[in-house]
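Here are the chains, one letter per residue:
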Amino acid sequence: MAKVLVGKRSDIQEGEFTNVIVGGRQILIANIRGRYFATGNICTHEGAELHEGELHDKELTCPLHGAKWDLSTGQLNSFHEFLESIGSYRILIEDDTLFVEI
Ligand code: FES
């Protein structure tokens, strides 16, 4: 596992999420009521970028066909067919700095 700097906590306000490129992977980082989550940013259905979707609490909706993903696990919450996980990553916080383990 590598610990990779992704930015400052203050870069992502509560309720916001963003896409970062870490080690060649697109990772979505979200701040939900002060807790940070990291998942893959690419929908495993047809490859939409999930940071262009909508976030409600810890559920992220894909902008293309509406698959709903659990931000805390990277698992599918609902869709009309089974989809592989988008993956999730551990976030580490040191002072105001966010790192992700990949
Ligand atoms: S690309 Fe995400 S649901 Fe189809």
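Above this text sits the structure in question.
Residues numbered from 1 in each chain as written. Predicted model: local features only at pLDDT ≥ 70, side-chain atom pairs only at ≥ 80, totals over all residues. Heavy atoms only, no water.

Draft legend 1. Just the pattern of salt bridges, in detail. As enumerated under the stated definition, the model contains 3 salt bridges in all. Residue Glu94 pairs with Lys3 through a salt bridge whose shortest N-O separation is 2.6 Å. Of this pair, Glu94 sits in strand β9 (residues 88-94) while Lys3 sits in strand β1 (residues 3-8); the two residues are 91 residues apart in sequence, bridging distant segments of the chain. Relative accessible area serves as the criterion here: at 38%, Glu94 is assigned to the partly exposed category. The residue Asp57 makes a salt bridge to Arg33 at a minimum N-O spacing of 2.9 Å. Note that Asp57 is positioned in the loop between β5 (54-56) and β6 (59-61) and Arg33 in the loop between β3 (25-32) and β4 (35-40), a separation of 24 residues in sequence. Given the relative accessible area of 45%, Asp57 is considered partly exposed. (Salt bridge = Lys/Arg side-chain N within 4 Å of Asp/Glu carboxyl O. Helix = DSSP H or I, 4+ residues; strand = E, 2+ residues; numbered from the N terminus. Buried < 20%, exposed > 50% of the residue type's maximum accessible area, 1.4 Å probe, protein only.)

Draft legend 2. Inspection of the side chain of Asp70 at higher detail. Within the element layout of this structure, Asp70 appears in strand β7 (residues 68-70). The buried charged residue Asp70 lacks any salt bridge, with Lys58 as its nearest oppositely charged partner at 5.7 Å. Within the structure, the side chain of Asp70 is placed 2.6 Å from the side chain of Ser72, a separation counted as a polar contact. (Lys, Arg positive; Asp, Glu negative; His and termini not counted. Polar contact = N/O pair within 3.5 Å; in protein donor to acceptor, adjacent residues only side chain to side chain.)

Draft legend 3. Structural view of the nonpolar core. Among the nonpolar cores identified, the biggest contains 16 residues, and Leu50, Leu60, Cys62, Trp69 and Leu71 are the most heavily contacted of them. The dominant element in this core, judged by the number of residues it contributes, is β3, at 3 residues. Once residues within four sequence positions are removed from consideration, Leu60 is found in contact with Phe17, Leu28, Leu50, Glu54, Leu55, Ala67, Lys68, Trp69 and Leu71. In terms of nonpolar packing, the next biggest core, distinct from the first, is built from 12 residues, Ile12, Val20, Val22 and Ile27 among them. (Core = buried A, V, L, I, M, F, W, Y, C linked by side-chain atoms within 4.5 Å. Contact = heavy atoms within 4.5 Å.)

Draft legend 4. Structural context of the pairing of β3. Where burial is concerned, most of β3 is hidden: 6 out of the 8 residues are buried. Looking at chain direction, strand β2 (residues 17-22) and β3 are connected through 6 bridges and run antiparallel. Note that in β3 the partner of Val20 across the bridge is Ile27. Once β2 ends, the chain turns through 2 residues before running back antiparallel as β3, passing Gly23 with a positive phi of about 55°. Both β3 and β4 contribute to a ladder of 6 bridges, which runs antiparallel. The residue bridging Ile32 from the neighbouring strand is Arg35, located in β4. The antiparallel hairpin formed by β3 and β4 contains 2 residues in its connecting segment, where Arg33 sits at a positive phi of about 50°. (Pairing = 2+ DSSP bridges.)

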